[in-house]
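The residues making up each chain are set out below.
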Amino acid sequence: MMRGMGNMQGMMKQVQKMQKDMEKAQAELNVREFVGASSNDLVTATFTGDRKMKDISIKEDVIDPEDVEMLQDLVIMAVNDALTKVEKETEATMGKYAKGMPGF
């Protein structure tokens, strides 16, 4: 009976360590910056790992009052590109903790 309890304590320590490692990895990911860009880098959007936009840059030569829709499309393209990069890095960083765990 004691043998099983020792094994349980070992498992709990492993779980606690994994939780601390996950929190550290998430915190590091949250402060990283990810830059997404539209075609020809006419619009760039910068996000943090926790998906907060920090900056958006629009080159002046793309601003055409007669073609607002093109600028909107470029902004959407840059934002989606940045968020895709955040998602891929989040999966690469945090996904390793979920491997082998039931339900993930």
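A brief report on the enclosed structure follows. Quick caveat, the model's predicted, so the values are computed rather than measured.

1. Let's talk about the side chain of Thr48
With respect to the secondary-structure elements, Thr48 resides in strand S2 (residues 43-48). If sequence neighbours within four positions are ignored, Thr48 has contacts with Asn30, Arg32, Phe34, Lys54 and Val86.

2. Some points on the sheet that holds S2
Pairing is antiparallel in the open sheet, where three strands are placed in the order S1-S2-S3. Two strands lie at the open edges of the sheet, namely strand S1 (33-37) and strand S3 (53-58), each paired on one side alone. Between one strand axis and the next, the sheet turns through 15 degrees on average, direction left out of account. Across five bridges, S2 lies against S3 in antiparallel orientation. When the sheet's bridge partners are listed, Ala45 is paired in S3 with Ile56. Along the sheet face, helix H2 (residues 68-98) touches S1, S2 and S3 and points at about 140 degrees away from the line of S1.

Thresholds, definitions, all that
- Residues numbered from 1 in each chain as written.
- Predicted model: local features only at pLDDT ≥ 70, side-chain atom pairs only at ≥ 80, totals over all residues.
- Heavy atoms only, no water.
- Helix = DSSP H or I, 4+ residues; strand = E, 2+ residues; numbered from the N terminus.
- Contact = heavy atoms within 4.5 Å.
- Pairing = 2+ DSSP bridges.
- Axes fitted to C-alpha atoms, helices over the stretch in contact; angles between N-to-C directions.

Worth remembering: the numbers are spatial, not functional.
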